[in-house]
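# Coordinates in review
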Amino acid sequence: MAKQNILDRAISWLSPERGLKRSLARTRSGVIAPRQAYDGASTGRRTDGWRVVGTSADAEASVGGTRLRDVARDMVRNNPHAWRLRQSITVNTVGTGIIPSVESADEAVRTSIERLLVDHFDSTACDATGRHDVYGLQNLAMGTIVESGEVLIRLRPRLASDGLPLPFQMQVLEPDYLDSSIDGILPGGNRAIRGIEFNKIGQRVAYWLFSEHPGSISSYSLPTSHRVPAERVLHIFRVDRPDQHRGVSWFAPVVMRLRDYADAADAHLVRQKISACFTAFITSVDGGDADGEGPYTYPLEEIGPGMIERLRPGDDVRFGSPPQVDGFAEYARSVLREIAAGMGVSYEALTGDLTGVNFSSGRMGWLEYQRSIDSWRNHMLVPQMLAPIGAWFLDAAAAQTGSRPDARIKWTPPRREMIDPTKEIIAARTAIRAGLSSRAYELRRLGFDPEVLDQEIAADNARADKLELILDSDPRRMSQAGQAQQETAGE
């Protein structure tokens, strides 16, 4: 109920009913705001300091995105845990590489395209810098996404005279190459958002890119940007909010925790050094002092291993009490767990600390991390990077052969190392036999292409049959118990 003023009290004295209605009306009209239904939406001492804004994802990134990216890079350069976070996410998501393969009903087409695939992607021919194969480019791109929030991959068409298996290469670019000053309505009616040009229906049509890195020390003048068609540029980033057009460094939720932890570790080290400096103090009862004015003076003493020092009569040795340095280990574990949670990785993956981990807890932690990895692959890398690269490859093959092949490129994630193969293989086999999973699905989970593996098994069996070899590993000949299988009728 609203607090009554003099007029309210006068009206209430003359007509209590009208006074009550007046107070209720003032409360409902917002003169006195009612208590919020949600505690988090209330204002007061407990909610002071919250930055409550209704800005869009692009507006938020435009204010502090660039500085946050530079801070994250500094952390990765100088903070071992920040470097480990980027490395862990990259190697677990990409690993040795997400492998391309050809899917086609025409065996001859599939064979010819696979040969081109190996020649171009399994060599450094696909890299504009000549340093990486396609798997190295994946690793470089993923690390940049984690650190900087986004990455660009530019298609570089080449001439047939360049001697490449296919006439194109790819160049991985940091987001610094995007000219963020190109923003707003452009001549012709298109709209730009921090270097990305959109047409009137919201489709990306071009990127405004610098010809060289704006932070390059070889730049003697301000670099200029130029317009590159969108079909020649891939822009890969994790989309966290609807209508988000630029990526944000993945270190955003944890960068302050990383800084605080680094400061705490430095303070702990300084305390340890100070503690080591407090050793022993010699006092004398005959008037000697440390300022050199008494009858006896003493230089600064040191204690070394095995040293024997004779003291004069009346000298007394007292050992200092250094400051205590307990409790840091528990603090470190607590903060590192927060950092791991903020980055979507497990504590063990961040620190390598496997204390108290058994098969069940290790598997549960890995499965949770694996869900994040699958999400990053299937929702970001495959649709934004790998599928378009596969389309570039087929376009280049069509340009070389004169007709587009009836095929598609599929991507198989790298092999996942098992925590306990004796248990996990049995579980996979049971799921296949029970009809709860397929053999192809289980093989892809392990990083194998089912078609390639089946061909290798068939080739091994044919070679063994030709040489009349009976191997214990051949289930056609030997049972799991090591007994010879009975031949079926008609063999």
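Right above here is the structure, for reference.
Described in the following lines is the structure provided in the data block.

## Digging into the overall build of the protein chain
Secondary structure summary: the protein chain contains 13 helices and 12 strands in total. Across the 491 residues in the protein chain, those meeting the buried criterion constitute 35%. Taking as baseline every contact in the protein chain between residues at least 6 positions apart, the subset at least 24 positions apart corresponds to 62%. A total accessible area of about 30700 Å² is found for the protein chain, and carbon and sulfur atoms account for 55% of it.

## Overview of a nonpolar patch on the surface
A cluster of nonpolar side chains, Leu-467, Leu-469 and Leu-471, forms an exposed patch at the surface whose accessible area comes to about 260 Å². The topology assignment puts Leu-469 in the segment after helix H13 (450-466).

## Let's talk about the packing of aromatic side chains
Applying the stated criterion across every chain, the model contains five aromatic pairs. The interplanar angle of 40° and the centroid separation of 5.3 Å between the aromatic rings of Phe-121 and Phe-393 together place this pair among those described as tilted. Placement of the pair is Phe-121 in helix H5 (residues 107-121) and Phe-393 in helix H10 (residues 359-401), with a sequence separation of 272 residues. Each member of the pair, Phe-121 together with Phe-393, is buried. Geometrically, the ring pair formed by Tyr-261 and Phe-328 is stacked, given 6.3 Å between the ring centres and 25° between the ring planes. Taken together, the positions of Tyr-261 in helix H7 (residues 255-277) and Phe-328 in helix H8 (residues 328-343) put the pair 67 residues apart, joining distant regions of the chain.

## As for the side chain of Gln-244
Tracing the sequence through the fold places Gln-244 in the loop between strand E9 (233-237) and H7. A polar side-chain atom of Gln-244 sits 2.9 Å from the main-chain amide nitrogen of Asp-240. Residue contacts for Gln-244: discarding those within four places in its chain leaves Ala-57, Asp-58, Arg-204, Phe-237, Arg-238 and Val-239.

## Topic: the environment of Ser-437
Following the sequence through the fold, Ser-437 ends up in the loop between helix H11 (421-433) and helix H12 (439-445). The residues contacting Ser-437, other than those within four sequence positions of it, are Ala-431, Ile-432 and Glu-442. Within polar-contact distance, the side chain of Ser-437 engages the side chain of Glu-442 at 2.7 Å.

## Focus on the pairing of strand E2 (residues 150-157)
Across the eight residues that make up E2, a large majority, six, are buried. Relative to E9, E2 runs antiparallel, the two being bridged by five bridges. Looking across to E9, one finds that Glu-150 is bridged to Phe-237. The pairing of E2 with strand E3 (residues 168-173) spans six bridges and is antiparallel. When the sheet's bridge partners are listed, Arg-154 is paired in E3 with Gln-171.

## What to know about the sheet that holds E9
With antiparallel pairing, three strands are arranged side by side in an open sheet as E3-E2-E9. Sheet topology places E3 and E9 at the edges, where each strand pairs with a single neighbour. On average, each strand axis in the sheet is tilted by 20° relative to the strand beside it, whichever way the strands run. Strands in contact with helix H6 (residues 134-148) are E2, E3 and E9; relative to E2, the strand with the most contacts, it is inclined by about 145°. Against the sheet, H10 makes contact with E2, E3 and E9, and its axis sits at roughly 160° relative to E9, the strand it touches most.

Cut-offs used in this document
- Numbering of residues starts from 1 in each chain and follows the order in which that chain's sequence is written.
- Local features in a predicted model are, by the rule used here, given only for residues with pLDDT of at least 70; side-chain atom pairs are given and counted only at 80 or more, and totals for whole chains, interfaces and linings are based on all residues.
- Heavy atoms throughout the structure, all of them, feed into the side-chain values; hydrogens and water do not.
- Helical segments are the DSSP runs of H or I of at least four residues, strand segments are the runs of E of at least two, and each set is numbered from the N terminus.
- Burial classes follow relative accessibility: with a 1.4 Å probe on protein chains only, a residue under 20% of its type's maximum area counts as buried, one over 50% as exposed, and anything between as partly exposed.
- The contact criterion used throughout is that any non-hydrogen atoms of two residues lie within 4.5 Å.
- Note on areas: these come from Shrake-Rupley sampling with a 1.4 Å probe, and a residue is covered only by the protein chains present in the view.
- Residues enter patches when they are more than 30% accessible in relative terms and free of salt bridges; like-charged ones are connected within 9 Å and nonpolar ones (Val, Leu, Ile, Met, Phe, Trp, Tyr) within 5 Å.
- In the sections that follow, a salt bridge refers to a side-chain nitrogen of Lys or Arg positioned within 4 Å of a carboxyl oxygen of Asp or Glu.
- Side-chain rings of Phe, Tyr and Trp, where Trp is taken by its six-membered ring, are said to pair if the distance between their centres is within 6.5 Å; with planes under 30 degrees apart they count as stacked, over 60 as edge-to-face, and otherwise as tilted.
- For the purposes of these results, a polar contact is taken to be a pair of N or O atoms within 3.5 Å, where, inside protein, one atom must be able to donate a hydrogen and its partner to accept one; residues adjacent in sequence count only when each atom of the pair is a side-chain atom.
- For two strands to pair, DSSP has to find at least two bridges joining them.
- An axis is simply a line fitted to the C-alpha atoms; with a helix, the fit covers only the stretch in contact. Between two such axes, the angle follows the N-to-C directions and lies from 0 to 180 degrees.

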